[in-house]
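Take a look at the letters that make up each chain.
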Amino acid sequence: MDDKLETLLTRISECGFKQTGVLPTSEIGFYEEVRELCRKNSCGMYAKNWACPPSFGTVEECRQTCLEYDKIVLVNGVFALEDSFDIEGMHAAMHGFKKQMDALFVIAREIYPRCLMMSNEGCARCGACTYPNAPCRFPDRLFHPIEGYGINVYELSKKAGMNYINGKNTVTYFGAVLI
Ligand code: SF4
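Conventions used here
- Residues numbered from 1 in each chain as written.
- Predicted model: local features only at pLDDT ≥ 70, side-chain atom pairs only at ≥ 80, totals over all residues.
- Heavy atoms only, no water.
- Salt bridge = Lys/Arg side-chain N within 4 Å of Asp/Glu carboxyl O.
- Helix = DSSP H or I, 4+ residues; strand = E, 2+ residues; numbered from the N terminus.
- Buried < 20%, exposed > 50% of the residue type's maximum accessible area, 1.4 Å probe, protein only.
- 1 Å grid on protein atoms, 1.4 Å probe; cavity = no way out; pocket = protein on both sides within 12 Å on 5 of 7 lines; lining within 4 Å.
- Points joined across faces, edges and corners; volume = space filled by probe spheres on them.
- Nonpolar A, V, L, I, M, F, W, Y, C, P; charged D, E, K, R; others polar.
- Core = buried A, V, L, I, M, F, W, Y, C linked by side-chain atoms within 4.5 Å.
- Contact = heavy atoms within 4.5 Å.

Enquirer: Would you mind showing me how to read the pattern of salt bridges here?
Expert: Charged atoms that come close allow side chains of opposite charge to pair. Taken as a whole, this structure holds seven salt bridges when the rule is applied. Here Glu60 and Arg63 are joined by a salt bridge, their closest N and O atoms 3.0 Å apart. Of this pair, Glu60 and Arg63 both sit in helix H3 (residues 59-66), separated by three residues, roughly a single helical turn. Judged by its relative accessible area of 36%, Glu60 falls in the partly exposed class.

Structure, rendered in structure tokens:
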């Protein structure tokens, strides 16, 4: 492991993640079927903000972008819920994980200025997104969801030795930094 990656992995502990895994980007699988799930729009974010598809290219274009990097550092955050109907808890968890990813961004950019960040779900950084009428207000902090790239997060988490789910009454989110 080189010094820069060692520094990143040491400093990741400042962000509050549950687990971290590192894989070569050649291990990432890209699937049209995963992008198709975005199109079905069960989260209601498809074509609603600059973070979500179809704003950032085809799955093949996403694959080519990812393969410009050597490694993917995958992280997950685990949040407690009162029960499986705890919508407020899930909402708070989603934002909690985004804060963890913002903290990781600051650290990762110091070490790898050209890193590519991926996070969970869409973007809620602004009250109302400019999509599609004007450019993103914070393009530097625009983290696309991993699934939006067509990546199967379950498969990737298993390859990285990480838990995709973490027990009853919890929700787990995944993010990544490509270096
Ligand atoms: S940063 Fe603001 S403008 Fe950009 S995608 Fe997020 S909500 Fe939209």
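Enquirer: Can you walk me through the layout of surface pockets in this structure?
Expert: Roughly 570 Å³ of internal volume is contained in the largest pocket. Taken together, 26 residues line the largest pocket, and the ones lying closest to its centre are Ser42, Cys43, Glu121, Pro145 and Glu147. Broken down by element, the residue count for the lining of the largest pocket peaks at five residues, all from strand E5 (residues 170-178). When its residues are assigned to classes, the lining of the largest pocket shows 15 nonpolar, nine polar and two charged. Looking at the second largest pocket, its volume works out to about 210 Å³. If you go around the second largest pocket, you meet 13 residues; those closest to its centre are Lys98, Asp102, Cys123, Ala124 and Arg125. It is helix H4 (residues 87-111) that contributes the most residues to the lining of the second largest pocket, five residues altogether. Tallied by class, the residues present in the lining of the second largest pocket amount to five nonpolar, three polar and five charged.

Enquirer: I keep staring at the nonpolar core and nothing clicks. Help me out?
Expert: Note that soluble globular proteins tend to have their nonpolar side chains buried in a common cluster. Counting residues in each nonpolar core, the largest one holds 26 residues, and the members touching the most others are Leu8, Phe17, Met101, Leu104, Met117, Val177 and Ile179. If you list the elements that add at least two residues to this core, you get helix H1 (3-11), strand E2 (71-80), H4 and E5. Sort the elements by how many residues they give to this core and H4 lands first, with nine residues. Setting aside residues no more than four positions away along its own chain, Met101 makes contact with Phe17, Val75, Met117, Met118, Ser119, Phe143, Gly175 and Ala176. Counting residues in hydrophobic clusters, the runner-up holds 22 residues, among them Cys62, Leu74, Ala176 and Leu178.

Taken by themselves, the reported measurements are silent on function.
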